[in-house]
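Below, each chain spelled out in residue letters.
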Amino acid sequence: QLDVRDDKNISDAIDSTVRELGPPAILINNASALWWKPIEQTPMERYDLIMGINARGTFATTAACLPHMREAGWGHVISQSPPITLDKLAGMTAYSMS
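Please read these numbers as outputs of a predicted model, since none were measured by experiment. (Residues numbered from 1 in each chain as written. Predicted model: local features only at pLDDT ≥ 70, side-chain atom pairs only at ≥ 80, totals over all residues. Heavy atoms only, no water.)

**Student:** Outline the layout of surface pockets, listing residues and values.
**Tutor:** Looking at the largest pocket, its volume works out to about 270 Å³. Around the largest pocket, the lining is made up of 17 residues, and of these L2, I14, L27, I28 and T61 lie nearest the centre. For the lining of the largest pocket, the elements supplying multiple residues, two or more each, are α1 (7–21), β1 (26–29) and α2 (44–72). In terms of residue count, α2 provides more of the lining of the largest pocket than any other element does, five residues in total. Classifying every residue of the lining of the largest pocket gives 11 nonpolar, six polar and no charged. (1 Å grid on protein atoms, 1.4 Å probe; cavity = no way out; pocket = protein on both sides within 12 Å on 5 of 7 lines; lining within 4 Å. Points joined across faces, edges and corners; volume = space filled by probe spheres on them. Helix = DSSP H or I, 4+ residues; strand = E, 2+ residues; numbered from the N terminus. Nonpolar A, V, L, I, M, F, W, Y, C, P; charged D, E, K, R; others polar.)

Now the structure itself:
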């Protein structure tokens, strides 16, 4: 389990992976925090959690893996989000922004 909001947690996980298995060939950014409420019902703590996981976490894990992928001469980064329909996103500003 990896907390993508914690830089040390990310670097420890990547370092351990490189030591045990070699450089990552594929990174799949799949962590996601969902929130199905309108902006008026979204506390700032929830917004920070969503952005910390969905946006910053994706950036941080990618940034941690890229040097190893470049050194190996190749690698793939796949960033995905849940399959949701546009009608479900209506008014869900915090999640849509991430």
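From this point, the narrative continues.
**Student:** Tell me about the environment of G73, and name the residues and values.
**Tutor:** Of note, G73 is situated in the loop between α2 and β2 (76–79). Look at G73 and you get exposed, because its relative accessible area is 61%. Taking the C-alpha atoms as reference points, G73 and A25, 48 residues apart in sequence, are found 9.6 Å from one another. (Buried < 20%, exposed > 50% of the residue type's maximum accessible area, 1.4 Å probe, protein only.)

**Student:** Explain the pattern of salt bridges residue by residue, including any values.
**Tutor:** Tallying each qualifying case throughout the model produces three salt bridges. Ionic pairing is found between R5 and D3, a salt bridge with its closest N-O pair at 3.0 Å. Exposure remark for R5: the relative accessible area of 43% places this residue in the partly exposed category. Accessibility expressed as a relative area gives 30% for D3, which makes it partly exposed. Notably, a salt bridge pairs D12 with K8, separated by 2.9 Å at the nearest N-O pair. Residue D12 and its partner K8 are both found in helix α1; the two are separated by four residues, about one turn of the helix. Residue D12 is classed as partly exposed on the basis of its relative accessible area, which comes to 37%. (Salt bridge = Lys/Arg side-chain N within 4 Å of Asp/Glu carboxyl O.)

**Student:** Tell me about a nonpolar patch on the surface, and please be specific about residues and values.
**Tutor:** A surface patch of nonpolar side chains, about 280 Å² in accessible area, is lined by I26, I28 and I78. Structurally, I26 is set in strand β1. On the accessibility criterion, I26 (52% relative accessible area) is exposed. (Patch = residues over 30% accessible without salt bridge, like charges linked within 9 Å, V, L, I, M, F, W, Y side chains within 5 Å. Areas by Shrake-Rupley, 256 points an atom, 1.4 Å probe, with all protein chains shown as cover.)

**Student:** Break down α2 for me, citing the residues and quoting the values.
**Tutor:** Spanning 29 residues, α2 covers 40 Å between terminal C-alpha atoms, matching the ideal 42 Å at 1.5 Å per step. Taken as a whole, α2 carries its principal kink of about 40° at R56. At the C-terminal side of α2, G73 shows a positive phi close to 95°. (Expected span 1.5 Å × (residues − 1). Bend = angle between axes of the 7 residues up to and from the residue.)

**Student:** Outline the side chain of T42, supporting the account with residue identities and numerical values.
**Tutor:** Secondary-structure assignment places T42 in the loop between β1 and α2. Within polar-contact distance, the side chain of T42 engages the backbone oxygen of P38 at 2.9 Å. (Polar contact = N/O pair within 3.5 Å; in protein donor to acceptor, adjacent residues only side chain to side chain.)

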